[in-house]
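# A closer look at the structure
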There are 2 protein chains.
Amino acid sequence: MGRISAPERRSALVEAALRVVSRRGIAQATTRAIVAEAGMSLASFHYAFESRDELIDELITTVVAREQHAVLPEPVPGGDLREILEAGLLRYFEHLRADPEHEQAMLELTQYALRSLERHPLAVAQYARYAELAAHSLEVAASHAGTTWDRPVEQVARVLVAFTDGLTLTWLVDRDDDAARAVAHAAADALSRMAEPR
Amino acid sequence: MGRISAPERRSALVEAALRVVSRRGIAQATTRAIVAEAGMSLASFHYAFESRDELIDELITTVVAREQHAVLPEPVPGGDLREILEAGLLRYFEHLRADPEHEQAMLELTQYALRSLERHPLAVAQYARYAELAAHSLEVAASHAGTTWDRPVEQVARVLVAFTDGLTLTWLVDRDDDAARAVAHAAADALSRMAEPR
DNA sequence: GTGCGACTGGGACGACCGTCCCACTTCGGT
DNA sequence: ACCGAAGTGGGACGGTCGTCCCAGTCGCAC
């Protein structure tokens, strides 16, 4: 292993940890497994991080900050709100199908954070970030459809996040593409009714 | 510890394991923690079960079989379909608020099962059971509202399960009651549109 | 080139894990 | 009363965990 500065090592370890958590789950993300994935020795781990907990915290923070697969990157032009929303949800679904392990890892990290008092805020921040991204997408969608939301967009965003989570969780279990698309359709339908009638 | 037959001990251990998983998470549900919760010695554990894995498998099976907090136990009389569905979802939400640890435990057990090939079927069975209960509730609801579903009820049920999961997950993170009720409202709205217009 | 601080590797530590062994006690059938 | 089977308790096993120590090596400023 060549010589790397401590900060570089930190991010290399975070990336390695994300790969291990995605592939094998957080329970299997031991210091030794992470270090092996990064191709380092155990001592390097505790040179860069004080503890495994610190690494996991930074992993969650990093990965949440990076999160940006918004549900609606570029809405379909010419469609009405419902169609734009459904296209966005289907886009998210394709992202989920392309990298299911990543979403499963995010889910596990949330649950992990939920289990300790000092880590709970990380989970809250994660979902606040989701809601923020969702709110932005919803604003873009409404603007493209030439309409406005009939309540604060943050409230609609919260519902979108819940629908997305449900779609993710159920699809991860049964891998039923058609069912997931039905969820996307129904969710888009419900959300579109939260806009002012044109 | 008095003398108990092996089968009784098995179910006592399963109950103890459920309490430990609910309270502290599956990662903390060690053989010693479970045995302490049940007030037994370690030897009794391996007298009743061959391994911890066997206990966890039986825990999942048991708890899934017992699952019956259907979303719509007794629909409100006189309401239309949307109102009946929303009342059912709110009923589920009250159940979630009353015992959040149990739903969190169920979520963790699902994720745990998803992580190994031989346990994956348990997660699938868990969600098949959810869908079954949801389908039954939906049939009751449609019948009370005097309408019928415009597609196989199993498909609607799958969507309901996804919505319920999303509501659960997001509420467990932010504990925002109003937001959860908004999800229930939107979900009921979307689902009610999957019925034949009267 | 020399010194010093930053970085590295291997091995060890105590704690806890799942599992197992074995001497012991209790029970039900005879 | 007795005897085999069923159930119990304590202690120990090997393995893995997170963490730590320390002797060694490298890069860079002087």
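Nothing here was measured: the structure is a model prediction, and the numbers come from that model.

Let us now look at the protein's contact with DNA strand C. Around DNA strand C lies a shell of 20 residues, among which A:Arg3, A:Arg9, B:Thr31, B:Arg32 and B:Arg52 are the nearest. Counting only the atoms of DNA strand C within 4 Å of the protein, the fraction contributed by sugar and phosphate is 55%. Between DNA strand C and A:Ile4, the relevant distance is 3.0 Å, taken from a phosphate oxygen to a main-chain nitrogen or oxygen of the residue. B:His46 is positioned such that a nitrogen or oxygen atom in its side chain is 3.2 Å from a phosphate oxygen of DNA strand C. Listing elements by their share of the surface near DNA strand C, those giving two or more residues are helix 1 (6-24) and helix 3 (42-48) of chain A together with helix 2 (31-38) and helix 3 (42-48) of chain B. Ranked by the residues each element gives to the surface near DNA strand C, the list is headed by helix 3 of chain B, at three residues. When grouped by side-chain class, the residues that make up the surface near DNA strand C number seven nonpolar, seven polar and six charged.

Residues annotated by UniProt as "DNA-binding region" (unreviewed entry) correspond here to residues 30-49 of chain A. In residues 30-49 of chain A, helix accounts for 75% and strand for 0%; the two terminal C-alpha atoms are 14 Å from one another.

Mapped onto the elements of the fold, A:Thr170 is located in helix 8 (residues 153-174). On the accessibility criterion, A:Thr170 (1% relative accessible area) is buried. Among the polar contacts made by the side chain of A:Thr170, one reaches the main-chain carbonyl oxygen of A:Leu167 at a distance of 3.2 Å. Beyond its immediate sequence surroundings of up to four residues, A:Thr170 is in contact with A:Arg175, B:Tyr127, B:Arg158, B:Val161, B:Ala162 and B:Asp165.

Contacts between the two partners involve 42 residues from chain B, matched on the other side by 42 residues from chain A. A buried area of about 3,400 Å², summed over both sides, lies between chain B and chain A, and 60% of it is on carbon and sulfur atoms. The largest share of the area that chain B buries against chain A comes from B:Arg115, B:Arg158 and B:Val173, three residues that together contribute 23% of it. Our count for the chain B to chain A interface comes out at six salt bridges. Between B:Arg158 and A:Asp174 there is a salt bridge; the shortest N-O distance is 2.3 Å. The interface formed by chain B and chain A contains 16 residue pairs in polar contact (both at pLDDT 80 or more). Going through the elements one at a time, helix 1 (6-24), helix 6 (100-114), helix 7 (120-145), helix 8 (153-174) and helix 9 (177-192) of chain B are the ones with two or more residues in the side of chain B that touches chain A. Per-element accounting of the side of chain B that touches chain A gives the leading share, 14 residues, to helix 8 of chain B.

Cut-offs and rules
- Residues numbered from 1 in each chain as written.
- Chains lettered and ligands numbered in written order.
- Predicted model: local features only at pLDDT ≥ 70, side-chain atom pairs only at ≥ 80, totals over all residues.
- Heavy atoms only, no water.
- Near = heavy atom within 4 Å.
- Polar contact = N/O pair within 3.5 Å; in protein donor to acceptor, adjacent residues only side chain to side chain.
- Helix = DSSP H or I, 4+ residues; strand = E, 2+ residues; numbered from the N terminus.
- Nonpolar A, V, L, I, M, F, W, Y, C, P; charged D, E, K, R; others polar.
- UniProt positions renumbered as here; feature names shortened; annotations may be inferred.
- Buried < 20%, exposed > 50% of the residue type's maximum accessible area, 1.4 Å probe, protein only.
- Contact = heavy atoms within 4.5 Å.
- Buried area = accessible area lost by both parts, 1.4 Å probe.
- Salt bridge = Lys/Arg side-chain N within 4 Å of Asp/Glu carboxyl O.

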